[in-house]
There are 2 protein chains.
Amino acid sequence: MPTATSRPRAAARRAPARAGAGAGPAAYSVDAVLFTVVDGDLGVALVRATPGPGGERPRERWTLPFAAGAPDEPLQAAAAAVAEEVLGGPPAWMEQVGAFGDGRRHPAPAPLSVAYVGLVPDGFELPGDEGGAEFHALASLPAVPPRQKAMIDAAAAHVRGRVGQAPVAFRLLPPTFTLSELQVIYELLLGRRLHKASFRRSLQSARIVEPTEVWRSEGRGRPAQLFRHALKRKRPAARGLRFD
Amino acid sequence: MPTATSRPRAAARRAPARAGAGAGPAAYSVDAVLFTVVDGDLGVALVRATPGPGGERPRERWTLPFAAGAPDEPLQAAAAAVAEEVLGGPPAWMEQVGAFGDGRRHPAPAPLSVAYVGLVPDGFELPGDEGGAEFHALASLPAVPPRQKAMIDAAAAHVRGRVGQAPVAFRLLPPTFTLSELQVIYELLLGRRLHKASFRRSLQSARIVEPTEVWRSEGRGRPAQLFRHALKRKRPAARGLRFD
DNA sequence: TCAATAGTGTCTGTTAGACATTATGGA
DNA sequence: TCCATAATGTCTAACAGACACTATTGA
């Protein structure tokens, strides 16, 4: 029987996590889909799966980090704990993706999994301790249990769908960045090229970035001014209606 | 132990549903938030809560329809079964809202609930049998268990957020409708008035409705042409980028 | 006839996207 | 100097919203 105050944080990190917190198999798992930018694409943090009790499986296998759900722990807190276990700190942003409960296979002995998506700034270094978490580009993803594969797909769609509503792009970048870097992130998330001048006009009219005094020169070409994310003010009364 | 082929459909409908399908309390519940239009506002289907074993509770209490989750049943199918139990048929549209697992109270003895939102056309009549489901306008909602109240709020936000991506407005209307009726639905969902001519231009350019040969005269005024929802064709290459 | 609602045509301000030009540093 | 990139000004087509007008019914 778990106490109400101790969080089962040690349950995260590695694959077949402790089942439940005492009695019988866990009712559900909480899985974290942690994205960052890996050479121009989204990348997701995976941990090495421990081989089953039988000891077979010569091939290397990976899973999302997850933990068994504890009945008395809020879902968001559980997901944050799973993420912290992998990252060494909290992700820059986190949101629930949904519940996944078809019959597809999952490393936890639970019929239901709740997925959360988190964002990590580009350039972040995973703590390289024994846990062995690594970022893998979505384009070249290793084999992952099918239920977790569905979570990764849904998480990517979730993040892409929230561009423009949530500061998603900014959480994939360090605190200061050039507008060209920001545009690359937006193009990655939206899946299409954007017009440079138009993109900057949109940013300016929404007052969503503010310039710093710092300029950065990278290789050849004119140096770029660094910007930071500006807190959103009152909403400018959305015009129009787009059917999409 | 439930068999893989029999769905526990009888578990829906009334409040403290059968816990699980045999052994111990259910791991999670599946709840349906069924919306329709009730005098100019969204309305949600509620069922009368059965009083607890103690028999107290003189005040009338309501809950969302729900069922105990069965490990071998896909979530969407479970939610559809719950909805069918209340409506006598499937809802016009259904989508998952998310998992709710903070410590808030829920009529099921489960720490976790998965909410689905469904839409029912305006004018639909609930089968008035002993179950006693009724639509209640969101503006005048009776007391509902707190976790279910959170689900209702999230479901309304979910539907509002998917206007323009999914045929949400059309599922709140009968198969044929006037453009004025459609505009009222959009205004209800978006929470703001729309410009009549501009609204119709948007519909026309998106080819999202098609006219029928039928005109309907309701009381005074010029009769209105009836339209039906047109299946969406190729996406017209979304222009622009709005920060909101 | 008047009131009420449906449906359209025209005008205007805003803006996304195209294009061109200037600015600034590295090679 | 040439080249690559940043930053910005100008033009145009598209479009949201305002306004006005016509059309068609019931009272």
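Residues numbered from 1 in each chain as written. Chains lettered and ligands numbered in written order. Predicted model: local features only at pLDDT ≥ 70, side-chain atom pairs only at ≥ 80, totals over all residues. Heavy atoms only, no water.

1. Quick notes on the overall build of chain A
- Each helix and strand counted, chain A has 5 helices and 10 strands in total.
- Of all 244 residues assigned to chain A, the portion counted as buried reaches 47%.
- In chain A, once contacts between residues fewer than 6 apart in sequence are set aside, the share between residues at least 24 apart is 68%. (Helix = DSSP H or I, 4+ residues; strand = E, 2+ residues; numbered from the N terminus. Buried < 20%, exposed > 50% of the residue type's maximum accessible area, 1.4 Å probe, protein only. Contact = heavy atoms within 4.5 Å.)

2. What to know about the environment of B:G89
Residues and elements named next belong to chain B.
- With respect to the helices and strands, G89 occurs in the loop between α1 (75–87) and β5 (93–100).
- What makes G89 buried here is its relative accessible area of 16%.
- Along the chain, G89 and L126 lie 37 residues apart, while their C-alpha atoms are 10.0 Å from each other.

3. What to know about the packing of aromatic side chains
Residue and element names in this part refer to chain B.
- Counted according to the given criterion, the structure contains 4 aromatic pairs over all chains.
- For the pair Y186 and F199, a centre-to-centre distance of 5.5 Å together with 65° between the ring planes defines the contact as edge-to-face. With a gap of 13 residues between them, Y186 in helix α4 (residues 179–190) and F199 in helix α5 (residues 196–206) connect regions that are remote in the sequence. In terms of burial, Y186 and F199 fall into one category: buried. (Phe/Tyr/Trp six-rings, centres within 6.5 Å; stacked < 30°, edge-to-face > 60°.)

4. Topic: the environment of A:A49
All names here are of chain A.
- On the secondary structure map, A49 appears in the loop between β2 (41–48) and β3 (62–63).
- Classification of A49 by relative accessible area gives partly exposed; the value is 22%.
- On a C-alpha basis, the gap between A49 and W62 in space is 4.9 Å, while along the polypeptide they are 13 residues apart.

5. A closer look at helix α5 (residues 196–206) of chain A
Residues and elements named next belong to chain A.
- F199, S202 and L203 are the residues of α5 that are buried. Taken around the axis of α5, the buried residues stretch over an arc of 95°, which confines them to a single face. Within α5, the exposed residues directed more than 90 degrees away from the buried face are R201, Q204 and S205.
- Looking at the buried side of α5, the elements it contacts are α4 (179–190) and β9 (209–216).
- One or two positions beyond α5, positive phi appears at R207, with a value near 50°. (Arc of directions from axis to C-beta.)

6. Structural notes on the side chain of A:T212
Residues and elements named next belong to chain A.
- For T212, the position within the fold is in strand β9.
- Classification of T212 as buried rests on a relative accessible area of 7%.
- Those residues within four positions of T212 in sequence are excluded, and the remaining contacts are T176, Q225, L226, F227 and R228.

7. Considerations on the packing of α4(A) against α5(A)
Residue and element names in this part refer to chain A.
- Where α4 contacts α5, the two axes come as close as 11 Å, and the packing angle between them is 100°. On the basis of the axis angle, α4 is roughly perpendicular to α5. Side by side, α4 and α5 meet where L179, S180, L182, Q183 and Y186 of the first sit next to K196, F199, R200 and L203 of the second.
- Taken together, the residues of the contact of α4 with α5 sort by class into 5 nonpolar, 2 polar and 2 charged. (Axes fitted to C-alpha atoms, helices over the stretch in contact; angles between N-to-C directions. Parallel < 35°, antiparallel > 145°, perpendicular 65-115°, else oblique. Nonpolar A, V, L, I, M, F, W, Y, C, P; charged D, E, K, R; others polar.)

8. A closer look at the pattern of salt bridges
- Across all of its chains, the model carries 16 salt bridges over all chains by this definition.
- One salt bridge in this structure joins B:E187 and B:R193, with 3.4 Å as the shortest N-O distance.
- Take B:R193: its relative accessible area is 68%, and that puts it in the exposed class.
- Shared partners join several salt bridges into a network, and the residues in it are A:E181, A:R216 and A:E218. (Salt bridge = Lys/Arg side-chain N within 4 Å of Asp/Glu carboxyl O.)

9. As for the protein's contact with DNA strand D
- Surrounding DNA strand D, one finds 25 residues, the nearest of these being A:S180, A:R200, A:Q225, B:H195 and B:R201.
- The share of sugar and phosphate among atoms of DNA strand D within 4 Å of the protein is 63%.
- Side-chain polar atom of B:R201 to a base nitrogen of DNA strand D: 2.6 Å apart, as the coordinates give it.
- Top contributing element to the surface near DNA strand D by residue count: α5(A), with 4 residues. (Near = heavy atom within 4 Å. Polar contact = N/O pair within 3.5 Å; in protein donor to acceptor, adjacent residues only side chain to side chain.)

10. A short note on the pairing of strand β2 (residues 41–48) of chain B
All names here are of chain B.
- Counting buried residues along β2, 7 of its 8 residues qualify, which places the element largely inside the surrounding structure.
- Taken together, strand β1 (residues 28–38) and the strand that follows it, β2, pair antiparallel across an intervening segment of 2 residues, in which D39 is found at a positive phi of about 25°.
- Here β2 runs beside strand β7 (residues 134–137); their pairing, made up of 4 bridges, is antiparallel. Along β7, the bridge assignment pairs A45 with F135. (Pairing = 2+ DSSP bridges.)

11. Observations regarding the protein's contact with DNA strand C
- Close to DNA strand C lie 25 residues, the nearest being A:H195, A:R201, B:S180, B:K196 and B:Q225.
- The sugar-phosphate portion of DNA strand C accounts for 62% of its atoms within 4 Å of the protein, the bases making up the rest.
- Here a base nitrogen of DNA strand C and a side-chain polar atom of A:H195 are 2.7 Å apart.
- Those elements that place two or more of their residues in the surface near DNA strand C are α5 of chain A together with α5 and β10 (224–229) of chain B.

12. Digging into the sheet that holds strand β10 (residues 224–229) of chain A
Residue and element names in this part refer to chain A.
- Across the sheet, 3 strands lie side by side as β8-β10-β9; this open sheet has antiparallel pairing. Bordering the open sheet on either side are β8 (176–178) and β9, each of which pairs with just one other strand. Taking each pair of neighbouring strands and ignoring which way they run, the sheet shows an average axis angle of 40°.
- Looking at chain direction, β9 and β10 are connected through 5 bridges and run antiparallel. Within β10, the position partnered with V209 by the bridge is H229.
- Contacting β8, β9 and β10, α4 crosses the sheet at an angle of about 85° to β8.

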